[in-house]
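Structural description and commentary
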There are 2 protein chains.
Amino acid sequence: MAETHADISRIENVPLRVSVADIIRQAILNGTMKPGTPVVEMALAEQLQVSRAPVREAIQILEADGLIESEPYKGKRVKPLTLKEVEELYSLREQFEAFAIRRVVERQVDVSELRRHSDAMFEAAERGDLAALNTADEAFHRTLIRLADHQLMLSFWDNLYMRIRQIMALRNSANRDLRAVARNHPPIIEAIENRDMIRAISLISDHTRSASQITPEELGIAR
Amino acid sequence: MAETHADISRIENVPLRVSVADIIRQAILNGTMKPGTPVVEMALAEQLQVSRAPVREAIQILEADGLIESEPYKGKRVKPLTLKEVEELYSLREQFEAFAIRRVVERQVDVSELRRHSDAMFEAAERGDLAALNTADEAFHRTLIRLADHQLMLSFWDNLYMRIRQIMALRNSANRDLRAVARNHPPIIEAIENRDMIRAISLISDHTRSASQITPEELGIAR
DNA sequence: GTTTATCAGATTGTCGACAATCTAACGAGC
DNA sequence: GCTCGTTAGATTGTCGACAATCTGATAAAC
């Protein structure tokens, strides 16, 4: 009947390390803990009112995710980002989406679910709601990958997109044309439904390229 | 072979969890711990003469690698394999190699290093040395990926190929034509050097397909 | 006989204390 | 001033003990 965890709400059957990992991951992904920030076990343990063990294990989860790096006996920190890494993320994302499109077209998968997310993007753009637009955009692309029915690629995708979220949080995303982003998507759906792989892949590549712009300053000047 | 598991030789600056993870990973990849085998912390700790903490952390590393799966408070085991997973592994491997070839050709990267590994494969095939052939084959393909100069893809590749090694250890690899495997590779090098992407990708796809054969029985009948 | 409550064993989860290692500041000797 | 041990503080690594949870067996209630 341990009842002393003020800051972390214990959920049935969920080990503390998982809750702790979620909290830290969130802080990294929303930019609270920027690349380069030291990650100290004892400090986090005190802040979250748990012992070091679950914090250690949470950090290891994030290390495996590629969000944190560590030197034995020296210390751990939020992994710095480089321009090359950003380019790699977006170029691999492009490959995954092209592969997904090929599979979806070859197997004649019903992709009508994509319209739901596309519509949500238009609504969000209309309201000027950037967060909602990003959420719908992420759902759109993840759905495309999921419809390819390839668990392994989906797991790689989730890891890859997590890091993209981190980058998007660091980027100054003011003055973007939200409606233009939304308008990118219906043609992709149509191309897939018309089984025009070449066009669908070309469209989604353009979309990815336009989303990959970032300056070294926004990354914290790690080059 | 698996004789000296009595104690762990401590290496300077290398945390125990890393050494322990290496030992367990090796046991999984060489088939000593087959898919479905329970992974019990206390048993391993006693066997390796360390406490449970580094064993726990080692297991978590392997969990992140996808070699072990765990249900909270229930137990952990070597992750069972399914036919679909095998197909996914090889199909994604094919995508990675095609992407690597495109990058290598576009950037006109010098791929002469591949010949060294190709030659080693012929030597191994001549001696009938299956292990050496597999080592050279793995080196050949990893080199191709590495020459594409894409760290992120390389890390995904390493994870993916690790699981392929596990599968190869489970498979009955008797009566394969080693020379035929070796002969697959020089044409790939030549196609790349002639900047014939289409042919290079086609050749490597055939090679991958022929390597992906496996029966449910060899996997332990997890379907 | 079926259902439900309870218990014991097994396994994982968490804790606090101590050990190992790194870093940077300090000072002795030259 | 410079070099090189030395030491103190910070941080990670490891340990043994205890808590929480699951499973299956057992027995009580109907």
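Numbering of residues starts from 1 in every chain and runs along the sequence as written. Numbering of ligands from 1 and lettering of chains from A proceed in the order in which they are written. Totals for whole chains, interfaces and linings use all residues, but because this is a predicted model, local features are given only for residues with pLDDT of at least 70 and pairs of side-chain atoms are given and counted only at 80 or more. By convention in this description, side-chain values take in all heavy atoms of the structure and omit both hydrogens and water.

Details of the domain arrangement of chain A
All names here are of chain A. Each domain's extent was defined by an automatic or database domain assignment. By the assigned domains, chain A splits into domain 1 (16-78) and domain 2 (83-219). Using only C-alpha atoms to locate each centre, domain 1 and domain 2 end up separated by 28 Å. Contact criterion: two residues are considered in contact whenever any of their non-hydrogen atoms come within 4.5 Å of each other. If you look at the interface, domain 1 gives eleven residues, while domain 2 gives eight residues. Of the roughly 750 Å² buried where domain 1 meets domain 2, counting both sides, 63% is carbon and sulfur surface. Ranking the residues of domain 1 by area buried against domain 2 places Leu29, Pro35 and Asp65 at the top, with a combined share of 58%. Defined in terms of a 1.4 Å probe, buried area is the accessible area two parts forfeit on being brought together, summed over both.

Here's the deal with the layout of surface pockets
Cavities and pockets were defined on a 1 Å grid built from protein atoms only: a cavity is a group of points that admits a 1.4 Å probe but offers it no way out, a pocket is an open group of points flanked by protein on both sides within 12 Å along at least five of seven lines, and a lining residue is one with an atom within 4 Å of any such point. Grid points are joined across faces, edges and corners, and a volume is the space filled by probe spheres set on the points. Of the pockets and cavities examined, the second largest pocket occupies roughly 610 Å³. Here a strand is any run of E in DSSP of at least two residues, a helix any run of H or I of at least four, and the numbering for each starts at the N terminus. Mapped by element, the contributors of at least two residues to the lining of the second largest pocket are helix 4 (83-106) of chain A together with helix 4 (83-106) and helix 10 (197-211) of chain B. With eleven residues, helix 4 of chain B is the single largest residue contributor to the lining of the second largest pocket. Residues belonging to the lining of the second largest pocket are distributed by class as follows: nine nonpolar, seven polar and ten charged. Amino acids are sorted into nonpolar (Ala, Val, Leu, Ile, Met, Phe, Trp, Tyr, Cys and Pro), charged (Asp, Glu, Lys and Arg) and polar (every other residue, Gly among them).

Remarks on the protein's contact with DNA strand C
Near DNA strand C lie 22 residues; those nearest to it are A:Leu16, A:Ser51, B:Asn13, B:Arg52 and B:Arg56. Restricting attention to atoms of DNA strand C within 4 Å of the protein, one finds that 73% of them are sugar or phosphate atoms. A 3.5 Å cut-off defines polar contacts: any pair of N or O atoms within that distance qualifies, except that in protein one atom must be a possible hydrogen donor and the other a possible acceptor, and neighbouring residues in sequence count only when both atoms are side-chain atoms. Interatomic distance of 3.2 Å between a side-chain N/O atom of A:Lys74 and a phosphate oxygen of DNA strand C. At 3.4 Å from a phosphate oxygen of DNA strand C is found a side-chain nitrogen or oxygen belonging to B:Lys76. Broken down by secondary-structure element, the contributors of at least two residues to the surface near DNA strand C are helix 1 (16-29) and helix 3 (52-65) of chain A together with helix 3 (52-65) and strand 2 (75-78) of chain B. By convention in these notes, a residue is near a molecule or strand provided one of its non-hydrogen atoms lies within 4 Å of it.

Quick notes on the pairing of strand 2 of chain B
Consecutive residues of a regular strand have side chains that alternate between opposite faces of the sheet. Residue and element names in this part refer to chain B. Two strands make a pair as long as DSSP finds a minimum of two bridges between them. Of the strand pairs in this sheet, strand 1 (residues 68-71) and strand 2 are connected by four bridges, and their pairing is antiparallel. From the neighbouring strand, Glu69 faces strand 2, where its bridge partner is Arg77. The antiparallel hairpin formed by strand 1 and strand 2 contains three residues in its connecting segment, where Tyr73 sits at a positive phi of about 70°.

A look at the relation of the copies chain A and chain B
Each copy is superposed on the other by least squares, with the fit set by C-alpha atoms of residues at a pLDDT of at least 70 in both. Laying chain A over chain B is done by rotating through 180° and shifting 0.0 Å along the axis; what remains is an RMSD of 0.0 Å. The symmetry that links the two subunits is that of a two-fold axis. No C-alpha of chain A approaches the rotation axis more nearly than that of A:Ala64, which lies at 3.1 Å. Residue by residue, 100% of the interface of chain A is reproduced at the interface of chain B, so both copies engage with the same surface.

Focus on the confidence of the model for chain A
Detailed conclusions should not be drawn from predicted coordinates in areas where pLDDT is low. What pLDDT conveys is the predictor's confidence in a given residue, as a value from 0 to 100. Across chain A, the average pLDDT comes to 91, with 95% of residues at 70 or higher. Across residues 1-6 of chain A, where pLDDT falls below 50, the model places four contacts with residues more than four positions away in sequence or in other chains.

Notes on the packing of helix 4 of chain A against helix 4 of chain B
To obtain an axis, a line is fitted to C-alpha atoms, over the contacting stretch when the element is a helix, and the angle between two such axes runs from 0 to 180 degrees between their N-to-C directions. Packing of helix 4 of chain A against helix 4 of chain B brings their axes to within 11 Å, and their N-to-C directions diverge by 125°. Accordingly, the angle class assigned to the pair helix 4 of chain A and helix 4 of chain B is oblique. As for how helix 4 of chain A packs across helix 4 of chain B, the hand of that crossing is right-handed. Here A:Ser91, A:Leu92, A:Gln95, A:Phe96, A:Phe99, A:Arg102 and A:Arg103 of helix 4 of chain A lie close against helix 4 of chain B, whose contacting residues are B:Ser91, B:Leu92, B:Gln95, B:Phe96, B:Phe99, B:Arg102 and B:Arg103. Counted by class, the contact of helix 4 of chain A with helix 4 of chain B contains six nonpolar, four polar and four charged residues. Angle categories are assigned with fixed cut-offs, so that under 35 degrees is roughly parallel, over 145 is roughly antiparallel, 65 to 115 is roughly perpendicular, and the rest are oblique. Crossings are assigned a handedness: left-handed for a near helix turned anticlockwise from the far helix by less than a right angle, right-handed for a clockwise turn.

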